[in-house]
Amino acid sequence: LQAWAAERPEIIAREPGLLSHVLRAHGETGDLAGMVGLYDRERSIIDRMRPHLLRDSCRLMLFVYGGRPEFVERILRQSDFAAAPAPEQRFWTAVARWAAGDGEAARRDFEEVLPEANPSLAIAIRRRLATIDSPPPVLDEASQRFLEAEEGRLSQESRYVGPVSLRSARATLVLAGINLLVFGAQSLLAATDDWKATHDLGALCTDCVIRGEWWRVASSTVLHANLLHLGMNLFGLCALGPAAETALGIRRFLAVYIGAGLGAAATVVAAAWLQGERQLVIGASGGVMGVVGATAAVMLRGWLSEGVAAARNRGLLMAVYIAAQSLIDTLVPGLSFTTHLAGAVIGFLIAFVAGPKR
């Protein structure tokens, strides 16, 4: 396979999914310098691979044969490999232990996994056990440095763009629950798709606020026009909230969401007063856009302080999202450009000044 790939580089360029197999071939034959060199040359392609399983397969081969069992376990736990059968996961960890020079630990793992293995995996395990006492190939100094640098880079990437479970984001779930409960009450009171009834429940009527009904600044942030309006805001909150909450901590996250929601509503009132116009606004989009802005702030700090390319890319994605939302707001009647932009700016400023918890 190594020879075939070396003779046909155009095929690898056209079918990058083959890279993980070629990397494994280098590892299996003990050509660790060749494996590291290939990974280094193709790293920009590997980082952009979709689906991510292809990318993670290449990373897995690098750290398995590079003898990094702790990092192998992290890849298996945090990537699409988490859904792989347990025997396969333990197999790769055991190979990494052998490559790290811990043959006895690898032997125990292979022997424990063997009874649960499928036929093809059992063949691989028996082959490993037959040669378990053979010393593993040793990385040269340059390859060692490369693996250490790659470990650091991927650790930064996982901190800034790694997946975060919604179930662990308590504040996000509470905020989503409040919006759902209020919408349920609206539905019972027949106050959806009815602006008069929504006004009576506490919509942000700018004239009313100027006359002294300041409570509308807060009440309007939990009211929604209909199920689609609610669904769009909850989708944004649940998609970005868990990562922002994990990075900022619950207190800072709530400060971002509530501060951006109230601040955006107050900005709408101020703009309406300055322009001499009357507006009626509802929705949690100010707070949700605050989470978007906060995410951009966390990523910007990560790029400025640590030079994390993944943080820069995710921050740019948030900036593009804010710009796209602003463009949509100017083209589609009924959407509040002021609410969305003010929420994003306020969320960004709060998160950038307060800084991430970790």
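On a predicted model such as this, the values are computed, not experimentally measured, just so you know.

With that settled, consider helix 6 (residues 52-65). Over its 14 residues, helix 6 extends 20 Å from the first C-alpha to the last, a length consistent with the 20 Å expected when each residue adds 1.5 Å. The element helix 6 is largely enclosed, with a buried count of 11 among its 14 residues. All buried positions along helix 6 are accounted for by Arg55, Asp56, Ser57, Cys58, Arg59, Leu60, Met61, Leu62, Phe63, Val64 and Tyr65. Once helix 6 ends, the next one or two residues include glycine 67, with phi positive near 75°.

Tallied over the full model, the rule gives 20 salt bridges. Residue arginine 107 is joined to glutamate 104 by a salt bridge in which the shortest nitrogen-to-oxygen separation is 3.6 Å. Taken together, the positions of arginine 107 and glutamate 104, both in helix 9 (residues 103-113) and three residues apart, correspond to about one turn of that helix. Given a relative accessible area of 21%, arginine 107 falls into the partly exposed group.

Turning our eyes to something else, we now look at the packing of aromatic side chains. Taken as a whole and judged by the stated rule, the model has five aromatic pairs. Where phenylalanine 63 meets phenylalanine 71, the ring centres are 4.5 Å apart and the plane angle is 40°; that geometry is what we call tilted. For the residue pair phenylalanine 63 and phenylalanine 71, the accessibility class agrees, reading buried in each case. Taken together, a centroid distance of 5.1 Å and an interplanar angle of 75° make the contact between phenylalanine 91 and tryptophan 92 edge-to-face. For tryptophan 92, a relative accessible area of 14% corresponds to the buried category. Clustering of aromatic rings is evident, with ring pairs tying together Phe91, Trp92 and Phe110.

Counting 44 residues, the largest nonpolar core has Leu60, Leu62, Phe63, Tyr65, Phe91 and Phe110 as its most contacted members. Filtering out sequence-adjacent residues up to four positions away, leucine 62 remains in contact with Met35, Val36, Tyr39, Phe146, Leu147 and Glu150. Tyr160, Ala284, Ala311 and Ile322 belong to the second-largest nonpolar core, a separate cluster that totals 32 residues.

Conventions and cut-offs
Residues numbered from 1 in each chain as written. Predicted model: local features only at pLDDT ≥ 70, side-chain atom pairs only at ≥ 80, totals over all residues. Heavy atoms only, no water. Helix = DSSP H or I, 4+ residues; strand = E, 2+ residues; numbered from the N terminus. Expected span 1.5 Å × (residues − 1). Buried < 20%, exposed > 50% of the residue type's maximum accessible area, 1.4 Å probe, protein only. Salt bridge = Lys/Arg side-chain N within 4 Å of Asp/Glu carboxyl O. Phe/Tyr/Trp six-rings, centres within 6.5 Å; stacked < 30°, edge-to-face > 60°. Core = buried A, V, L, I, M, F, W, Y, C linked by side-chain atoms within 4.5 Å. Contact = heavy atoms within 4.5 Å.

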